[in-house]
There are 4 protein chains.
Amino acid sequence: MQVSIWVNHEKDVGFRVTGQLVDALEHYGAAVRMDEYCAGVLKRPELGVDRAGLIAGCDVVLVLGGDGTILHAAREAAAADIPVLGINMGRVGFLSEAEVDNVQEVARRIVQADYALEKRMMLQARVIGHPQAAEHIALNDVVLSRGAFSRIIGVQIYIDGQYVDRYMSDGVVVSSPTGSTAYALSTGGPILAPSLECILLSPICAHTLYSRPIVVGADSKIELVLTAADKDAQLALDGETLLTVSNKLRIEITRAKSQATFIRLKGRNFYQLLHSKFSEWSMAEELPEVKA
Amino acid sequence: MQVSIWVNHEKDVGFRVTGQLVDALEHYGAAVRMDEYCAGVLKRPELGVDRAGLIAGCDVVLVLGGDGTILHAAREAAAADIPVLGINMGRVGFLSEAEVDNVQEVARRIVQADYALEKRMMLQARVIGHPQAAEHIALNDVVLSRGAFSRIIGVQIYIDGQYVDRYMSDGVVVSSPTGSTAYALSTGGPILAPSLECILLSPICAHTLYSRPIVVGADSKIELVLTAADKDAQLALDGETLLTVSNKLRIEITRAKSQATFIRLKGRNFYQLLHSKFSEWSMAEELPEVKA
Amino acid sequence: MQVSIWVNHEKDVGFRVTGQLVDALEHYGAAVRMDEYCAGVLKRPELGVDRAGLIAGCDVVLVLGGDGTILHAAREAAAADIPVLGINMGRVGFLSEAEVDNVQEVARRIVQADYALEKRMMLQARVIGHPQAAEHIALNDVVLSRGAFSRIIGVQIYIDGQYVDRYMSDGVVVSSPTGSTAYALSTGGPILAPSLECILLSPICAHTLYSRPIVVGADSKIELVLTAADKDAQLALDGETLLTVSNKLRIEITRAKSQATFIRLKGRNFYQLLHSKFSEWSMAEELPEVKA
Amino acid sequence: MQVSIWVNHEKDVGFRVTGQLVDALEHYGAAVRMDEYCAGVLKRPELGVDRAGLIAGCDVVLVLGGDGTILHAAREAAAADIPVLGINMGRVGFLSEAEVDNVQEVARRIVQADYALEKRMMLQARVIGHPQAAEHIALNDVVLSRGAFSRIIGVQIYIDGQYVDRYMSDGVVVSSPTGSTAYALSTGGPILAPSLECILLSPICAHTLYSRPIVVGADSKIELVLTAADKDAQLALDGETLLTVSNKLRIEITRAKSQATFIRLKGRNFYQLLHSKFSEWSMAEELPEVKA
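Residues numbered from 1 in each chain as written. Chains lettered and ligands numbered in written order. Predicted model: local features only at pLDDT ≥ 70, side-chain atom pairs only at ≥ 80, totals over all residues. Heavy atoms only, no water.

> Mind showing me how you'd approach the relation of the copies chain A and chain B here?
In this arrangement, two copies of a chain are superimposed by a rotation about an axis accompanied by a shift along the axis. The two copies are related by a screw motion: chain A maps onto chain B through a turn of 180 degrees and a shift of 0.0 Å along the axis, at an RMSD of 0.1 Å. Interpreted geometrically, this transformation is the action of a two-fold axis. Residue Pro190(A), judged by its C-alpha, is the member of chain A lying nearest the rotation axis, at 3.3 Å. When the interface residues of chain A are mapped onto chain B, 100% of them again lie at the interface, so the same face is used by both copies. (Least-squares fit on C-alpha atoms with pLDDT ≥ 70 in both. Contact = heavy atoms within 4.5 Å.)

> Looking at this structure, how should I read the interface of chain A and chain B?
Accessible area lost on assembly of the parts is the figure often given for the size of an interface. Facing the 28 residues of chain A at the interface are 28 residues of chain B. For the pairing of chain A and chain B, the buried interface totals around 2,200 Å² over both sides, and the portion due to carbon and sulfur atoms is 61%. The interface formed by chain A and chain B contains zero salt bridges. Viewed at the interface, chain B and chain A are joined by eight residue pairs in polar contact (both at pLDDT 80 or more). Where the side of chain A that touches chain B is concerned, the elements lending two or more residues are strand 11 (162–169), strand 13 (191–192), strand 15 (214–217) and helix 6 (270–281) of chain A. Among the elements that take part in the side of chain A that touches chain B, helix 6 of chain A stands out by supplying five residues, more than any other. Classifying every residue of the side of chain A that touches chain B by side-chain character gives 18 nonpolar, seven polar and three charged. Judged from the two bridges that link them, strand 13 of chain A and strand 15 (residues 214–217) of chain B form a sheet pairing that is parallel. (Buried area = accessible area lost by both parts, 1.4 Å probe. Salt bridge = Lys/Arg side-chain N within 4 Å of Asp/Glu carboxyl O. Polar contact = N/O pair within 3.5 Å; in protein donor to acceptor, adjacent residues only side chain to side chain. Helix = DSSP H or I, 4+ residues; strand = E, 2+ residues; numbered from the N terminus. Nonpolar A, V, L, I, M, F, W, Y, C, P; charged D, E, K, R; others polar. Pairing = 2+ DSSP bridges.)

> Could you clarify how one ought to interpret empty space enclosed by the protein in this entry?
Take a probe with the size of a water molecule and roll it over the atoms, and the empty space left behind shows itself. In this structure the tally under the stated criterion is 14 cavities of 30 Å³ or more. By volume, the largest cavity amounts to about 1,400 Å³. Taken together, 49 residues line the largest cavity, and the ones lying closest to its centre are Gly188(A), Arg212(A), Gly188(B), Gly188(C) and Gly188(D). At three residues, strand 14 (residues 198–204) of chain C tops the list of elements feeding residues into the lining of the largest cavity. (1 Å grid on protein atoms, 1.4 Å probe; cavity = no way out; pocket = protein on both sides within 12 Å on 5 of 7 lines; lining within 4 Å. Points joined across faces, edges and corners; volume = space filled by probe spheres on them.)

> So what exactly am I meant to see when it comes to the domain arrangement of chain A here?
All names here are of chain A. Per the domain assignment, the segments making up chain A are domain 1 (2–114) and domain 2 (122–256). Taking the mean C-alpha position of each, domain 1 and domain 2 sit 31 Å from one another. Taken together, the contacts link seven residues of domain 1 with nine residues of domain 2. Considering only the surface of domain 1 that becomes buried against domain 2, Leu-71, Arg-75 and Phe-94 emerge as the three largest contributors, covering 70% of it. At the junction of domain 1 and domain 2, the tally comes to two salt bridges. Here Arg-75 and Glu-240 are joined by a salt bridge, their closest N and O atoms 3.7 Å apart. At the boundary of domain 1 with domain 2, the tally comes to two residue pairs in polar contact (both at pLDDT 80 or more). (Domains from an automatic or database assignment.)

> Quick question: what am I supposed to make of the packing of aromatic side chains here?
The geometry of an aromatic ring pair comes down to the distance between the two centres and the angle between the two planes. Under the criterion given, the structure shown has 16 aromatic pairs over all chains. Ring plane angle 65 degrees and centroid distance 6.0 Å describe the contact between Phe15(B) and Tyr37(B), whose orientation is recorded as edge-to-face. Placement of Phe15(B) in the loop between strand 1 (2–7) and helix 1 (16–27) and of Tyr37(B) in helix 2 (residues 36–41) is noted, with a sequence separation of 22 residues between them. Classification of Phe15(B) as buried rests on a relative accessible area of 5%. When its relative accessible area of 54% is taken as the criterion, Tyr37(B) is described as exposed. Taken together, the ring pairs in this structure connect Phe94(A), Phe270(A) and Tyr271(A) into an aromatic cluster. (Phe/Tyr/Trp six-rings, centres within 6.5 Å; stacked < 30°, edge-to-face > 60°. Buried < 20%, exposed > 50% of the residue type's maximum accessible area, 1.4 Å probe, protein only.)

> How do you make sense of the sheet that holds strand 15 (residues 214–217) of chain C when you look at a structure like this?
Hydrogen bonding along the main chain pairs the strands of a sheet, whether they run parallel or antiparallel. Strand order in the open sheet made by the seven strands is 18(C)-17(C)-9(C)-12(C)-14(C)-15(C)-13(D), with mixed pairing throughout. With one partner strand each, in any of the chains shown, strand 18 (240–245) of chain C together with strand 13 (191–192) of chain D form the two edges of the open sheet.

> Explain the sheet that holds strand 17 (residues 233–237) of chain B to me, please; I cannot follow it from the model alone.
The strand order across the open sheet built from seven strands is 13(A)-15(B)-14(B)-12(B)-9(B)-17(B)-18(B), with neighbouring strands paired in mixed fashion. Looking along the sheet, the strands with just one partner apiece sit at the ends: strand 13 of chain A together with strand 18 (240–245) of chain B. Judged from the five bridges that link them, strand 9 (residues 141–145) of chain B and strand 12 (residues 171–175) of chain B form a sheet pairing that is antiparallel. Following the sheet pairing, Asp141(B) is matched in strand 12 of chain B by Ser175(B).

> Can you walk me through unusual backbone geometry in this structure?
Both trends apply: most residues other than glycine have a negative phi, and most peptide bonds are in trans. Positive phi outside glycine occurs at Asp160(A), with the angle close to 50 degrees. Mapped onto the elements, Asp160(A) comes out in the loop between strand 10 (153–159) and strand 11. Located in the positive-phi region is Asp81(B), a residue other than glycine, with phi close to 60 degrees. Checked against the element boundaries, Asp81(B) lands in the loop between helix 3 (67–79) and strand 5 (84–88). The class for Asp81(B) is exposed, based on a relative accessible area of 51%.

> Quick question: what am I supposed to make of the side chain of Ser176(B) here?
Residue and element names in this part refer to chain B. By secondary structure assignment, the location of Ser-176 is in the loop between strand 12 and helix 5 (183–186). For Ser-176, a relative accessible area of 0% gives the class buried. A distance of 2.5 Å separates a polar side-chain atom of Ser-176 from the backbone oxygen of Leu-139. Setting aside its immediate chain neighbours within four residues, Ser-176 contacts Met-121, Leu-123, Leu-139, Asn-140 and Cys-198.

> I tried to follow the pattern of salt bridges on my own but got confused; where do I start?
Residue and element names in this part refer to chain C. In this structure the tally under the stated criterion is 73 salt bridges over all chains. Across the salt bridge formed by Arg-255 and Glu-197, the nearest N and O atoms sit 2.1 Å from each other. Pair noted here: Arg-255 is in strand 19 (residues 250–264) and Glu-197 is in the loop between strand 13 (191–192) and strand 14, with a separation of 58 residues, a long-range link. Among the residues examined, Arg-255 registers a relative accessible area of 25% and is labelled partly exposed. You can call Glu-197 partly exposed: its relative accessible area is 40%.

> Explanation requested: the relation of the copies chain D and chain A in the structure shown.
With an RMSD of 0.0 Å, the fit of chain D onto chain A corresponds to turning through 180 degrees and sliding 0.0 Å along the axis. Of the residues that chain D buries at the interface, 100% are likewise interface residues in chain A, meaning the two copies contact each other through the same surface.

Printed below as a string of structure tokens:
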């Protein structure tokens, strides 16, 4: 069995957890690979592969990091239909499944295929007419937003070819169910159960006060047309800026052909996660830093 | 062909439109029936039937009235799997399909079966442990809310047996996609495309500020448990109060076995309807009445 | 010095804290009074007075209870310009100033006048044309809301004689700064610093989606005119229903002539209180009760 | 009488209205000045002055443009305590007082001093420790927000030295009553009556879901401390970016020493303006452009 370890270098300081994971996986008989830098630090250069090698030909991707790292790895793994397991190295995460203190158990269950799989729909965005008009994939969200130096953009929304609304706003978030607990939530969107197959549109700080989040079916085609554009509107997928656009722009968003696949080790309760996350966000933990 | 006319007596004053509709339907060869009072006023007592007769054995139900009347008729027709067509006699309606000025055309298309059908999921509520524990059906929403003389109720929310949240609030709206543009919208809920199969939970004026609308799959089981009950909490379906409850209460809400079926005569654009509705709500039409 | 003790019989079980407070106050030389039932239980019938006697002629009112009890006592004391101190017997309170475990210290500081005073503006409501058209006082809020069996009311809002908006909604909250952290907050209103002199209007579940909370000066006159009335709309002050109204109704709300006066023993931090309150509301403390 | 005309070159095409205004003002005996380019186009080079001359020594500033131009002129005029009158050349404006079709009447009333004055409080921001730590003035708002390439910033809020909250958000809007109908409104803030003296804080897309808009007195000192800073957070006053900041930053915001002074020609109804503005925002006017 080929197991790839995808590690956030800033979170696993000294690659301590990565090292433990390598030992455990090899103990249970798996072949392990990781990026070359990490392999070097662990003095196991023979395990080092390049970026493409982290995905191609492996059976499972284990991610050591926070939700951002897991998002990134899951997108890449989805294209090759490889399942991902996130080991949480930060705050409460919606995407991670295991904690760093049970690495031994994780390794055993991975190698013995003692787990369930959970599919999550993803989004695909195409920028029509743009020279970089490739298809781009997002697991959480596609966000079209005003640039830093302007205040408002106008975005016409079409759903399945029908005109819906023109948001005069800071932008619009088009989100998968997975992404509904990320940026979309802070714009006032609802929480979508992760197993749903649908797409959420939510305006960011709409000046048109009646504008409301809209949930449509996963097979709908969303089109965003930038009408009152500023010079530096941004298109971002999963929080990573893809394009800065100063000209008129049409973006088509549909469900992606591929799905993300997550390994589940336990009976997960999405709502308990929400509890933990909301509590983390609550003031009790927001101790003020000392004022100089 | 048996066509039933279900008319709101207050909206169709003198049953003028009903009369036109009877003439047109008979012209095209349909057999028509209506409630006995209406048949009497139109001097066609032979067309009068009792309430049960408005549904049983007919092929189509035509409703003359606003969204409230259509809701009511659609629920009853759904149990017998009979399609409904609403002819709007009020303000912009989400559920009506035709206007009173094209009654002739409506009659022709109904009789010639020149129409499409649109299914809408409905909700079913059971009050566990209550002597009136029958199954109750709603097309829009099931609402559990505080009574007039209290200020807050506590409602525990379970989804598929998992504890989700305790809303300290004025209540909770459990809504179908159809109902998402009704009461749920005013509580801050999202708009759900009407063809979706899912259920929306939305707290009413939550004191627990983090509480957010949640969208779950249509096959989920929602349970509401009244914990901090007042003496007169209300359970209402589609805006009609079902029970006043002073004791502890558990309500199970699932999708209903039956669906509502609406007749569609034209390519409907749900979002254009939203436009019209929002404009109707906008201040431009809200002329102040003269102050005495 | 005449000290009145106003005690919530359900919160101070057995009047244990009341008894301690009497001892401490008398130790420092104050004359104490309380309601007759409480005095009887404490076997000090000579301290018992009727309701009017709890206010008339006393120098300070000490309240043992939660925010509801303090609200009530503060309104009555305000009419006679007597300061109030709340001793908290429930959850985190916005209006209480002391805890039950430092009754001794409270008694000493009261008798030695070792405290500061904080004024809070109050609201006055008059129901024009109603037989019970007396002036009614609220410290938190005046709420006009739909009855239990209807779904929406229409309320025209006038500010200083100018037409502002017609809320089609569950009702409207007119709130003082003190009340901004009570019911108004759950309707989506802002938090007002308690020392502000202004009045907050906030619609409850508005169907007119553009309707927003409005803050006006304390000397503005608010008029609410019920236009689309149902049979049992409610007018409530500080959460206590005053009138059930089925006819057209005009309500004038202005700042009250009297102010509430609270005794402050410590440097209070309103925002720390908000922290504590939000944390209390947070999910961490909302443990699910065991499902039967 | 010295009248300065401050004109938005893009709005008054060909300076047609400016020309009419010059004629009318001179007819009534006023001395007129304007920027040199505009004076040149009108072939009245003797009326041209530099930027400083548009303010210094004049009695009144007439502004031809939209709310953005009026904001800018009002800030500069406020420092010299000169009143401003906005003549609207765009959409419904909150700050303009006259329309372009009654220029003659405007000129007469200005010269004959037939008007009232309305004061509006302004805000002052100081960036502590920053080399450009001058005092900056805003009439609408001071906005600290994330840069285009990041997703969230952490901002600690202090009011009068007391810690209030840490917003994990897209940023924070600190707004005057005048600014409450601008950007702050789209973040979910309340509408403040323009004559109020207070300051509104409103988070932009807060991840800490309990975070709410807060209204404090005009004499409060607001401090914003950027804690989880990204590389390009923005500080903007009245929508114009002042600083891009990558380091820790503390911003002190207080009421400005100077006030803006607006000339009022008629009994203004702020709430009627709101009506017009909301209607303008409503969908009825948002006709979709033809899709190519």
